[in-house]
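Fold and geometry: a report
Listed below, chain by chain, are the residues.
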Amino acid sequence: KNQVEQSPQSLIILEGKNCTLQCNYTVSPFSNLRWYKQDTGRGPVSLTIMTFSENTKSNGRYTATLDADTKQSSLHITASQLSDSASYICVVSRYGNKLVFGAGTILRVKS
Amino acid sequence: GAVVSQHPSRVICKSGTSVKIECRSLDFQATTMFWYRQFPKQSLMLMATSNEGSKATYEQGVEKDKFLINHASLTLSTLTVTSAHPEDSSFYICSARSLRGLAGGYNEQFFGPGTRLTVL
């Protein structure tokens, strides 16, 4: 069964701290993995996208990693800001472009 | 680039009425558009896939006569919720994909900002 599981379900951190979100997937055939940020009441915005051969990709303070052997990905946020408070969704694309969505991790950054 | 808009952003209607939601790709041609529904604290659920000029493909469990999708041009798709009921209240999000692969050939989907539908 094609599934994407994310952990933790929610997370609260202090402003300025780092955090890492996890994503495990059982999607086949694998095409690419994306991380999206979704603010409350808004559509998802792409942060990173990685193919099978890429194991790390950065976008500012966001760094995503991918281990295609263990089918795991992580999103590391450095020096968190209040504006980072959002839901972070891991999405795996199958060939044929069906997207499989994780349930998301709700991040809250406190001052 | 790669901007997708939705209109309206928020709509409140009475039970039994129909509501139309527009999805537009502003700076690229979207050969395929997708419609998703998202309930509170849940992830996006794909409702249907529409290709320009052809009938939409609906996911299992989605009533095609209730959720009418039209993709009349390469920049516009519409979702009409017919005879809306309170259980149809949700956040509806569209996404658009270009065959040119704006994101380095990944055929990435670009999401709209969503439409909050409340049926009284």
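Look a little higher up for the structure.
A few points on the structure. (Residues numbered from 1 in each chain as written. Chains lettered and ligands numbered in written order. Predicted model: local features only at pLDDT ≥ 70, side-chain atom pairs only at ≥ 80, totals over all residues. Heavy atoms only, no water.)

1. Quick word on the overall build of chain A
Each helix and strand counted, chain A has 0 helices and 11 strands in total. Along chain A, helices and strands appear, N-terminal first, in the series β-β-β-β-β-β-β-β-β-β-β. What you see for chain A is a C-alpha radius of gyration of 13 Å, in line with the 13 Å of a compact globule of 111 residues. Considered along the principal axes of its C-alpha atoms, chain A spans approximately 40 × 25 × 20 Å. In chain A, which comprises 111 residues, the proportion classed as buried is 46%. Partitioning the contacts of chain A with sequence separation of at least 6, the portion at a separation of at least 24 is 54%. With the model as given, the accessible surface of chain A reaches about 5,500 Å², and the carbon-plus-sulfur share is 48%. (Helix = DSSP H or I, 4+ residues; strand = E, 2+ residues; numbered from the N terminus. Rg over C-alpha atoms; globule rule 2.2 N^0.38 Å. Buried < 20%, exposed > 50% of the residue type's maximum accessible area, 1.4 Å probe, protein only. Contact = heavy atoms within 4.5 Å. Areas by Shrake-Rupley, 256 points an atom, 1.4 Å probe, with all protein chains shown as cover.)

2. Concerning the sheet that holds strand β3 (residues 19-26) of chain A
Residue and element names in this part refer to chain A. The 5 strands are arranged β1-β3-β8-β7-β6 in an open sheet whose pairing can be described as antiparallel. A strand with exactly one partner marks an edge of an open sheet, and here the two such strands are β1 (3-7) and β6 (56-59). On average, adjacent strands in this sheet sit at an angle of 15° to one another, irrespective of strand direction. As paired elements, strand β7 (residues 62-67) and strand β8 (residues 72-77) share 6 bridges and run antiparallel to each other. When the bridges of β8 are listed, A64 appears paired with L75. (Pairing = 2+ DSSP bridges. Axes fitted to C-alpha atoms, helices over the stretch in contact; angles between N-to-C directions.)

3. With respect to the state of the cysteines
For the structure shown, the criterion picks out 2 disulfides over all chains. Here C23 of chain A pairs with C90 of chain A through a disulfide, and the sulfurs are 2.0 Å apart. For the disulfide bridge between C23 of chain A and C90 of chain A, the dihedral angle about the S-S bond is near -65°, and by the sign convention the bridge is left-handed. In this pair, C23 of chain A is assigned in strand β3 and C90 of chain A in strand β9 (residues 86-94), connecting sequence segments 67 residues apart. In this model C23 of chain B forms its disulfide with C94 of chain B; the gap between the sulfur atoms is 2.0 Å. One disulfide, between C23 of chain B and C94 of chain B, carries an S-S torsion of 80° and so falls in the right-handed class. (Disulfide = S-S within 2.5 Å.)

4. With respect to the interface of chain B and chain A
Chain B puts 17 residues into the contact, and the matching count from chain A is 20 residues. Each partner contributes to the roughly 1,500 Å² buried at the junction of chain B and chain A, and carbon and sulfur atoms together form 53% of this total. For the interface between chain B and chain A, the tally reads 0 salt bridges. Linking chain B with chain A are 3 residue pairs in polar contact (both at pLDDT 80 or more). Elements supplying a minimum of two residues to the side of chain B that touches chain A: β4 (32-38), β9 (90-97) and β10 (109-111) of chain B. Tallying contributions element by element places β9 of chain B first for the side of chain B that touches chain A, with 3 residues. Along the lines of polarity and charge, the residues of the side of chain B that touches chain A split into 8 nonpolar, 6 polar and 3 charged. (Buried area = accessible area lost by both parts, 1.4 Å probe. Salt bridge = Lys/Arg side-chain N within 4 Å of Asp/Glu carboxyl O. Polar contact = N/O pair within 3.5 Å; in protein donor to acceptor, adjacent residues only side chain to side chain. Nonpolar A, V, L, I, M, F, W, Y, C, P; charged D, E, K, R; others polar.)

5. Overview of the sheet that holds strand β1 (residues 4-7) of chain B
Residues and elements named next belong to chain B. If you walk across this open sheet you meet the 4 strands as β1-β3-β8-β7, and the pairing is antiparallel. Either end of the sheet is taken by a strand with one partner, and the two such strands are β1 and β7 (67-73). Averaged over all neighbouring strand pairs, the angle between strand axes comes to 15°, with direction disregarded. The pairing of β7 with strand β8 (residues 76-81) spans 5 bridges and is antiparallel. Across the sheet, the residue bridging to I69 is L79, located in β8.

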